[in-house]
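Fold and contact review
Here's the letter readout for the chains.
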Amino acid sequence: MSRAWIARRMEQIDSSGIRRMFDLAARLENPINLSIGQPDFPVPEPIKQAAVEAIGQDRNGYSPTQGIAPLVERLQQQVVAQYPQHADREVFVTSGTSGGLVLALLVLVEPGDEVIVFDPYFVMYPALVAMAGGKVVLVDTYPDFRINAERLEAAITPRTKAILFNSPANPTGHVADEAEVRAVAQVAQRHHLALISDEIYRLFCYDVPFVSPAQFYPETLVLEGFSKTYGMTGWRLGYAHGPRAVIREMIKLQQFSFVCAPHPLQWGALAAWEVDMQEVVRQYRRKRDLIYQGLADLYPMPRPQGAFYAFAQLPPNTCGQEFAQRAVEEQLLIIPGSVFSARDTHFRISYAASDETLRRGIEVLRKLHRRVVS
Ligand code: PMP
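What counts and how
Residues numbered from 1 in each chain as written. Predicted model: local features only at pLDDT ≥ 70, side-chain atom pairs only at ≥ 80, totals over all residues. Heavy atoms only, no water. Helix = DSSP H or I, 4+ residues; strand = E, 2+ residues; numbered from the N terminus. Rg over C-alpha atoms; globule rule 2.2 N^0.38 Å. Lys, Arg positive; Asp, Glu negative; His and termini not counted. Charge placed at Lys NZ, Arg CZ, Asp CG, Glu CD. Domains from an automatic or database assignment. Buried area = accessible area lost by both parts, 1.4 Å probe. Salt bridge = Lys/Arg side-chain N within 4 Å of Asp/Glu carboxyl O. Polar contact = N/O pair within 3.5 Å; in protein donor to acceptor, adjacent residues only side chain to side chain. Near = heavy atom within 4 Å. Areas by Shrake-Rupley, 256 points an atom, 1.4 Å probe, with all protein chains shown as cover. Nonpolar A, V, L, I, M, F, W, Y, C, P; charged D, E, K, R; others polar. Pairing = 2+ DSSP bridges. Axes fitted to C-alpha atoms, helices over the stretch in contact; angles between N-to-C directions. Contact = heavy atoms within 4.5 Å. Parallel < 35°, antiparallel > 145°, perpendicular 65-115°, else oblique. Left-handed = near helix turned anticlockwise from the far one by under 90°. Buried < 20%, exposed > 50% of the residue type's maximum accessible area, 1.4 Å probe, protein only.

**Concerning the overall build of the protein**
Summing up its helical and strand segments, the protein has twelve helices and twelve strands in all. Against the globule reference of 21 Å for 374 residues, the protein gives a C-alpha radius of gyration of 21 Å, in line with a compact fold. Across its three principal axes, the protein shows a C-alpha extent of roughly 60 × 55 × 55 Å. For the protein, the centre of its 38 positive side-chain charges and the centre of its 40 negative side-chain charges are spaced 2 Å apart.

Rendered as structure tokens:
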């Protein structure tokens, strides 16, 4: 009986691909885990201390919906410094970048609206668009994962409402350069579309500088997070900034959903401005090199330029699930590309792992390639 209660929208949300991997992973004792999208470094000490103090000082109740005042002020200052011309830009604290995404899509998308998503995409995007009653329209970015303005333009219809953009990108590690970002911003502006820019990986750029579409299209709604930058995925902290009218509606919805981001942890985040994460970026650049140099001759991939992922081509005539299954038999966890894409031609490696884990992973992948190809 209870099955019949489930809303139809749930049929459009499929988590089976990634769940299968987690189920397989749970059975391994000491896996070579290159599947998880979270940093392998601890939260910096001053941030931990500030959060512990806040808990000790009984700052454990609800915070204001938009976040604690000192954090909101800090963020607002940062945003004003970045975009001095955007008089209308307002900021608030969200429950992770995911919280910001949920609110943004519910505020912007009407049932039947089309939302453009670049393929490969972050796994949550189609699910959240479906939750808002929208329809995902994919724009293919293979083989180099660069944004192609003509393909984007061709995807626009009278029902297009928004573009969801993510650079540096999960799962490809692609960092869009100024020309690509400008093209996205111009298309959005020309068609009066909402542009949501997921900038959670902005710190992690290794070769080209980070560029935001907000630099070219002042109406851009930017979603940011603390999760990856400070290794605090479990703290559920992010922030959103964008046109006041949209931000106000998102705050209204937060009041009736998430209520607020975790209160004592917001005091922790306030200490983030004291810490310098450049060493982590240097380490991750080195890990990127390790993975690229260790695998690109066998598994073709564009050299990842940001985030902490590589999206590599499967050996010819191999299906992603089968390949991931064979990797699991060698204790290695990777994620089939079909989890992030309409295509089943690639797999994702997260290199947010120890050098030792990366070396073991490379070794297994090289061995697997010999076996699959021969
Ligand atoms: N956007 C992207 C592109 C991500 O990869 C992630 C996390 N994997 C998120 C948003 C969500 O991050 P969080 O909610 O932890 O801030």
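**Considerations on the domain arrangement of the protein**
Many descriptions give the size of an interface as the accessible area lost when the pieces come together. Looking at the protein, the domain boundaries give domain 1 (2–43 + 277–373) and domain 2 (61–272). Domain 1 and domain 2 are separated by 24 Å when their C-alpha centres are compared. When domain 1 packs against domain 2, close to 3000 Å² is buried across both sides, 60% of that on carbon and sulfur atoms. For domain 1, the biggest contributors to the area lost against domain 2 are Val43, Gln305 and Phe340; these three give 21% of the whole. Joining domain 1 to domain 2, the criterion identifies three salt bridges. In this structure, Arg288 engages Asp207 in a salt bridge whose closest nitrogen and oxygen atoms are separated by 2.9 Å. Linking domain 1 to domain 2 there are 18 residue pairs in polar contact (both at pLDDT 80 or more). At the level of secondary structure, the elements contributing two or more residues to the side of domain 1 that touches domain 2 comprise helix 10 (278–295), strand 9 (309–313) and strand 12 (346–350).

**Focus: the site of the ligand**
Around the ligand sit Gly96, Thr97, Ser98, Phe122, Asn166, Asn170, Asp198, Ile200, Tyr201, Ser227, Lys228 and Arg236, and that is every residue in its neighbourhood. Between the ligand and Asn170, the relevant distance is 2.8 Å, taken from an oxygen atom to a side-chain nitrogen or oxygen of the residue. With respect to the ligand, the side chain of Tyr201 contributes an N or O atom lying 2.7 Å from an oxygen atom. Protein contact buries 92% of the 400 Å² of open area that the ligand shows by itself. Take the shell around the ligand: its biggest share by element is three residues, from helix 4 (residues 96–108). In terms of residue class, the shell around the ligand is built from three nonpolar, six polar and three charged.

**Topic: the sheet that holds strand 8 (residues 238–243)**
One open sheet holds the seven strands; their spatial order is 2-8-7-6-5-3-4, and the pairing between them is mixed. Both edges of this open sheet fall to strand 2 (89–94) and strand 4 (135–140), since each of them pairs with a single strand only. On average, adjacent strands in this sheet sit at an angle of 20° to one another, irrespective of strand direction. Pairing of strand 5 (residues 160–166) with strand 6 (residues 194–198), which is carried by five bridges, proceeds in the parallel orientation. Note on strand 6: the bridge partner recorded for Phe165 is Ser197. Where helix 8 (residues 244–255) meets the sheet, it contacts strand 2, strand 7 (221–225) and strand 8, and its direction lies at approximately 20° from that of strand 2.

**Things to note about the packing of helix 3 (residues 69–82) against helix 9 (residues 263–270)**
As a packed pair, helix 3 and helix 9 sit with axes 9 Å apart at the nearest point and diverge in direction by 40°. The orientation of helix 3 with respect to helix 9, classified from their angle, is oblique. Like other packed secondary-structure pairs, helix 3 and helix 9 cross with a definite hand, here left-handed. Where helix 3 approaches helix 9, its residues Pro70, Leu71 and Arg74 are matched on the opposing element by Gln266, Trp267, Ala269 and Leu270. Partitioned by chemical class, the residues of the contact of helix 3 with helix 9 number five nonpolar, one polar and one charged.

**Notes on the side chain of Thr65**
Tracing the chain through its elements places Thr65 in the loop between helix 2 (45–56) and helix 3. For Thr65, the residues in contact, after removing those within four places along its chain, are Val93, Ile251, Gln254, Gln255, Val259 and Cys260.

**Regarding the pairing of strand 2**
Most of strand 2 is tucked away: six of the six residues are buried. Alternating residues of strand 2 divide into Arg89, Val91 and Val93 and Glu90, Phe92 and Thr94, and every residue in both groups is buried. When strand 2 meets strand 8, the two strands line up antiparallel, connected through six bridges. Paired with Val93 across the two strands is Tyr239, which belongs to strand 8.

**Section: the side chain of Arg348**
Mapped onto the elements of the fold, Arg348 is located in strand 12. A distance of 2.8 Å separates a polar atom in the side chain of Arg348 from a polar atom in the side chain of Asn170. Apart from the residues within four sequence positions on either side, Arg348 is in contact with Leu34, Ser35, Ile36, Gly37, Asn170, Pro171, Tyr309, Ala310, Phe311, Ile334, Ile335 and Phe340.

**Some words on the packing of helix 4 against helix 8**
Orientation of helix 4 relative to helix 8, taken along the N-to-C sense of each, is 110°, at an axis distance of 9 Å. On the basis of the axis angle, helix 4 is roughly perpendicular to helix 8. Taken as a pair, helix 4 and helix 8 cross one another with a handedness that is right-handed. Facing helix 4, whose interface residues are Gly100, Leu103, Ala104, Leu106, Val107 and Leu108, helix 8 presents Val246, Glu249, Met250, Leu253 and Gln254. Of the residues that constitute the contact of helix 4 with helix 8, the class distribution is eight nonpolar, two polar and one charged.

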